[in-house]
Amino acid sequence: MNVLLDHFSEFRDGFIGTVSITAVSTAIALILGVAIAGFRVSPVPPLRWFGTAWVTLLRNTPLTLLFLVTTFVVPEILFPGMSAFVLGSIALGFYTSSFICEAVRSGINTVPLGQAEAARSLGMTFSQTLRLIVLPQATRTVLPPMSSILIALTKNSAIAGAFSVTELFGWQKLMSEEGYDIIPIFIWVSLAYLVVTFTISGVFRILERRMEVAR
Amino acid sequence: MSASVLFDAPGPKAVVRNRIYAVVGTLAIAALLGVTIMRLSDKGHLAPEMWDIFNYAGIRQNIADAVLATLKAFGIAAVGSLVLGVLLAVARLSDHKPVRWLATGFIELFRSIPLLITIYAVWVGFLTDYSMWALAVGLSIYNGCVQAEVLRAGVNAVPKGQREAAYALGMSKTQVMTTVLIPQAVRAMLPTIISQLVVTLKDTSLGFIILYPELLQTARLIASNTQVNGMYPYVSTIVVIGVIYVAMCLALSGLATWIEKRGRRAKTGIKTPDAAGTVAVLAGDAGNAAAHGLPGAPGGADGGAGGGGDPKI
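Residues numbered from 1 in each chain as written. Chains lettered and ligands numbered in written order. Predicted model: local features only at pLDDT ≥ 70, side-chain atom pairs only at ≥ 80, totals over all residues. Heavy atoms only, no water.

Chain B is annotated in an unreviewed UniProt entry as Amino acid ABC transporter permease of Streptomyces ficellus. As its UniProt record puts it under Subcellular location (unreviewed entry), chain B is described as follows: "Cell membrane". (UniProt positions renumbered as here; feature names shortened; annotations may be inferred.)

Per an unreviewed UniProt entry, the recorded name for chain A is Amino acid ABC transporter permease, and the organism is Streptomyces ficellus. Checking UniProt for chain A, the heading Sequence similarities (unreviewed entry) contains the comment "Belongs to the binding-protein-dependent transport system permease family. HisMQ subfamily." What UniProt states about chain A under its Subcellular location (unreviewed entry) heading is, verbatim, "Cell membrane".

Following this line, the structure appears as structure tokens:
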């Protein structure tokens, strides 16, 4: 108990850090993931190959290595002096985008063939078919895997703490270095993570109920 | 093929349009890569000296040791997580409520806490001087919980008749579990189990944070202890280590895909007895497996055994 009361402001900062890095990298992952999924189902072979390469590469690389890449390589390519928060969000967002891409792609595959055929016979183009007919229907099947991907992202954000982003793992490390007993620290950090992950699964449960249709 | 859902076979206009997209897309990707390479080479990261460091025997030895250390932690964690997974899955399916609740609580708790938090707590709290064991124990706990859920899904997916038949033969609960349900669950879930092992392999890189000298930690040490042209060779080290990681993970997930393909062929042997026209399908299947030569042979034998056993039901 003491460890929380004595260091509540650091704990609060850590919690806010975890929530904000999760939010920012979720945005990056969603945008990139949907775009790459579009590439992967497009009629243009080079874009399809690019999408495949992207997913294969990112899914088989440890996230910790991606954090090393963003810490040491990305500043050399873009510009030096980027904040750890931005770099961490890039690593998390890019890593998760590959999983989102696969979820969206398999969601697209569950939309009945007739839907896309009907859209095409109405004269819709590829992007219209995707935007107006297929993706809205795919959303429904994509929601459950999406929720577990985002929960995984929240859990993965702990690694950012080891790369000097202010978040909950950083607090755990700091407190144990200050000599507090690890068990209470562990309990408080776990509770904080549970709050975030339960919120995400709650939001998705509401979304799923809203989008439910009788079939 | 998913692609055919979204577009027709392209006509002449679409062919031209697609070609334009292809050219523009390729140029954009090439430009992105080009700018990256240019920026890196401007800063001197692509100079030959930066990559020469991997010719030194010492550095090669370091990397080899690190791969070994990674594989050691992975091996322990793989065995640990599978054992724990079976135990937890059996406990979750137990008839005794307290056991079931305990297992459910354990699984839900450790599955929803970041692995790094668990590993760090184990390291600081219990195994400060044994970072490899801290890493392996943390990985085993987390992945054991995931494997338990996979196995439970597998056991629940075994047709009900199997369990009933086993009980009707007078088998005890333990016998039913160990000789009838678990083997079938493992077999059905093997691709998923191996995919989870790929995740375990990737997560060994968290040893980096508790200072276990695995591949990533070694990479960082190499890069920060070597100076070439007044710079630390982070880029070259990261590229080399990244290639090693991707190769290891692809090899393991390749195994999962191979088993999945093999399993699909064998599974028809188990499932077809429900449907009509069993014999013809089974015969065709066995022939198919045999025709595939050595790698297919075990699958074929399995499928044959399943097919032989099932019609008795």
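Draft legend 1. Broad picture of the UniProt feature "transmembrane region" (unreviewed entry) in chain A. Residues and elements named next belong to chain A. UniProt marks residues 15-37, 49-71, 77-95, 149-170 and 182-207 with the feature "transmembrane region" (unreviewed entry), using the numbering shown here. The span residues 77-95 shows a helical share of 68% and a strand share of 0%, and its end C-alpha atoms are spaced 19 Å apart. Overall, residues 182-207 shows 100% helix and 0% strand. The separation of its end C-alpha atoms is 37 Å. (Helix = DSSP H or I, 4+ residues; strand = E, 2+ residues; numbered from the N terminus.)

Draft legend 2. Highlighting the pattern of salt bridges. Summed over all chains, the structure comprises 7 salt bridges over all chains. For R105 of chain A, the salt bridge is made with E102 of chain A, and the minimal N-O distance between the two is 3.3 Å. Placement of the pair is R105 of chain A and E102 of chain A together in helix α6 (residues 84-110), with a separation of 3 residues, close to one helical turn. The residue D95 of chain B makes a salt bridge to K173 of chain B at a minimum N-O spacing of 3.2 Å. Taken together, the positions of D95 of chain B in the loop between α4 (57-92) and α5 (97-111) and K173 of chain B in helix α9 (residues 173-203) put the pair 78 residues apart, joining distant regions of the chain. Through salt bridges that share partners, R40, E102 and R105 of chain A make up one connected network. (Salt bridge = Lys/Arg side-chain N within 4 Å of Asp/Glu carboxyl O.)

Draft legend 3. Structural detail: the side chain of S176 of chain A. Mapped onto the elements of the fold, S176 of chain A is located in helix α10 (residues 168-177). For S176 of chain A, a relative accessible area of 14% corresponds to the buried category. Look past the residues within four positions of S176 of chain A in its chain and what remains in contact with it is I182 and I185 of chain A together with Y120 and V124 of chain B. (Buried < 20%, exposed > 50% of the residue type's maximum accessible area, 1.4 Å probe, protein only. Contact = heavy atoms within 4.5 Å.)

Draft legend 4. Quick look at the interface of chain B and chain A. At the junction of the two partners, chain B supplies 49 residues and chain A supplies 51 residues. A buried area of about 4500 Å², summed over both sides, lies between chain B and chain A, and 75% of it is on carbon and sulfur atoms. In this assembly, chain B and chain A are joined by 0 salt bridges. Elements that contribute at least two residues to the side of chain B that touches chain A include exactly α1 (3-6), α2 (12-42), α5, α6 (115-125), α9 and α11 (234-271) of chain B. With 10 residues, α11 of chain B is the single largest residue contributor to the side of chain B that touches chain A. Split into classes, the residues belonging to the side of chain B that touches chain A amount to 31 nonpolar, 13 polar and 5 charged. (Buried area = accessible area lost by both parts, 1.4 Å probe. Nonpolar A, V, L, I, M, F, W, Y, C, P; charged D, E, K, R; others polar.)

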